[in-house]
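Coordinate inspection notes
Letter by letter, the chains look like this.
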Amino acid sequence: MQRDLPVWVAARSPESHDFAVANGCNVMVTPLMKGDEEVQSLVEKYETAIADHPEIAQRPEIMVLRHTYVHAEDEPEGWRAAAEGVQKFYRTFDAWFGNKQEPVDGFMEPSPIEKFAGREEFSPESLHKSAMIGTPAEVVERLRRYEELGVTEFSFWNDNTLSHAEKKRSLELFIEQVMPHFAQVEALQK
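This text gives an overview of the structure that appears in the document. Residue positions are counted from 1 within each chain, in the order its sequence is given. Totals for whole chains, interfaces and linings use every residue, but because this is a predicted model, local features are given only for residues with pLDDT of at least 70 and side-chain atom pairs only at 80 or more, for both listing and counting. Side-chain metrics in this entry use all non-hydrogen atoms of the structure; hydrogen atoms and water are not considered.

A separate point is the packing of helix H2 (residues 36–51) against helix H5 (residues 136–149). Packing of H2 against H5 leaves a shortest axis separation of 10 Å and a crossing angle of 20°. Regarding the angle of H2 to H5, the classification is roughly parallel. Crossing of H2 over H5 shows right-handed handedness. Within the contact between the two elements, H2 uses Asp-36, Val-39, Gln-40 and Val-43 and H5 uses Arg-142, Arg-145, Tyr-146 and Leu-149. Three classes are used, and their members are as follows: Ala, Val, Leu, Ile, Met, Phe, Trp, Tyr, Cys and Pro are nonpolar, Asp, Glu, Lys and Arg are charged, and the others, Gly among them, are polar. Across the contact of H2 with H5, the residue classes tally to four nonpolar, one polar and three charged. Axis definition: a line fitted to C-alpha atoms, limited for helices to the stretch in contact. Angles are taken between N-to-C directions and run from 0 to 180 degrees. Every helix listed is a DSSP run of H or I at least four residues long, and every strand listed is a run of E at least two residues long, numbered separately from the N terminus. We call two directions roughly parallel when the angle between them is under 35 degrees, roughly antiparallel when it is over 145, roughly perpendicular when it lies between 65 and 115, and oblique otherwise. Each crossing gets its hand from how the near helix is turned against the far one by less than a right angle, where anticlockwise is left-handed and clockwise is right-handed. Contacts were defined at the residue level, with two residues in contact if any of their heavy atoms lie within 4.5 Å.

Spelled out as structure tokens, the structure:
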């Protein structure tokens, strides 16, 4: 038996949003290292594409993919390792695409921190605010704002260079202390 599976298109530009909606696909966006104002801008592009295609019978969904790390309430500095891990992710990404280094045994040495001097959006403090990094209560609050914008799905991006144990604990906190606050999860549990 064949089931129709949804198709998701990664979109950032107005043209990519338009393509996804015109073809009846769902839209996945990522604000990368930018703040929630970028999420709002991406949702606006999605809404414009929907308005431009009244012929589409079923409204596509929109998913935000965001670097995510949840830490315990009693760890006030719990965000720091995650923000530094996300920064290292972007430095490694830059090494792949910016420096044209050769990987050694499948691994790439990240670009030096100095290369990002003067680019505040890559500082751990800025990434703490822009990535989905925080306590369960802080993450719930931000996800509620995404809901208000019209975001229908959230994708927990766990590629932050932290250890398996750290990533696992973050995901456990998300499942146990964040997900229960959302109606779709509540409906699934019944």
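So, on to the side chain of Thr-135. When you line up the elements, Thr-135 lands in the loop between strand E4 (132–134) and H5. Note on exposure labels: buried denotes an accessible area under 20% of the residue type's maximum, exposed denotes more than 50%, and partly exposed covers the range between, all computed with a 1.4 Å probe on protein chains only. The class of Thr-135 is buried, set by a relative accessible area of 7%. Among residues more than four places away in sequence, those in contact with Thr-135 are Val-70, His-71, Ala-72 and Glu-73.

Note on terminology: a nonpolar core comprises buried Ala, Val, Leu, Ile, Met, Phe, Trp, Tyr and Cys residues joined through side-chain atoms within 4.5 Å. In this structure, Val-27, Val-139, Leu-143, Tyr-146, Phe-174 and Val-178 are the most contacted members of the largest nonpolar core, which totals 27 residues. Taken together, the elements giving at least two residues each to this core come down to helix H1 (14–22), strand E2 (26–29), H2, strand E3 (62–70), H5 and helix H6 (164–178). Sort the elements by how many residues they give to this core and H2 lands first, with six residues. Those residues within four positions of Val-178 in sequence are excluded, and the remaining contacts are Pro-136, Val-139, Val-140, Leu-143 and Leu-173. If you look at the next biggest cluster of nonpolar residues, it comprises 16 residues, including Tyr-69, Ala-83, Val-86 and Ile-133.

The buried fraction of E3 is high, at nine of nine residues. Burial along E3 is two-sided: Ile-62, Val-64, Arg-66, Thr-68 and Val-70 facing one way and Met-63, Leu-65, His-67 and Tyr-69 facing the other are all buried. Paired strands, in this sense, are two strands between which DSSP finds at least two bridges. Looking at chain direction, E2 and E3 are connected through three bridges and run parallel. The residue of E3 that forms the bridge with Met-28 is Met-63.

Quick look at a nonpolar patch on the surface now. The patches described consist of residues with a relative accessible area above 30% and no salt bridge, like charges being joined within 9 Å and nonpolar side chains (Val, Leu, Ile, Met, Phe, Trp, Tyr) within 5 Å. Areas reported here follow the Shrake-Rupley algorithm with a probe of radius 1.4 Å; residue values treat only the protein chains shown as occluding. What makes a salt bridge here is a side-chain nitrogen of Lys or Arg within 4 Å of a carboxyl oxygen of Asp or Glu, nothing more. There is a patch of nonpolar side chains on the surface, built from Phe-93, Trp-96 and Phe-97 and spanning about 380 Å² of accessible area. Locating Phe-93 in the fold gives a position in helix H3 (residues 78–99). The exposure class assigned to Phe-93 is partly exposed, which follows from its relative accessible area of 45%.

Checked against the element boundaries, Glu-120 lands in the loop between H3 and helix H4 (124–130). The class for Glu-120 is exposed, based on a relative accessible area of 53%. Within the structure, Glu-120 has its side chain in polar contact with the side chain of Ser-123 (distance 2.8 Å). Identification of polar contacts relies on pairs of N or O atoms within 3.5 Å, with a donor-acceptor requirement for protein atoms, meaning one able to donate a hydrogen and the other able to accept it, and with residues adjacent in sequence counted only if both atoms are side-chain atoms.

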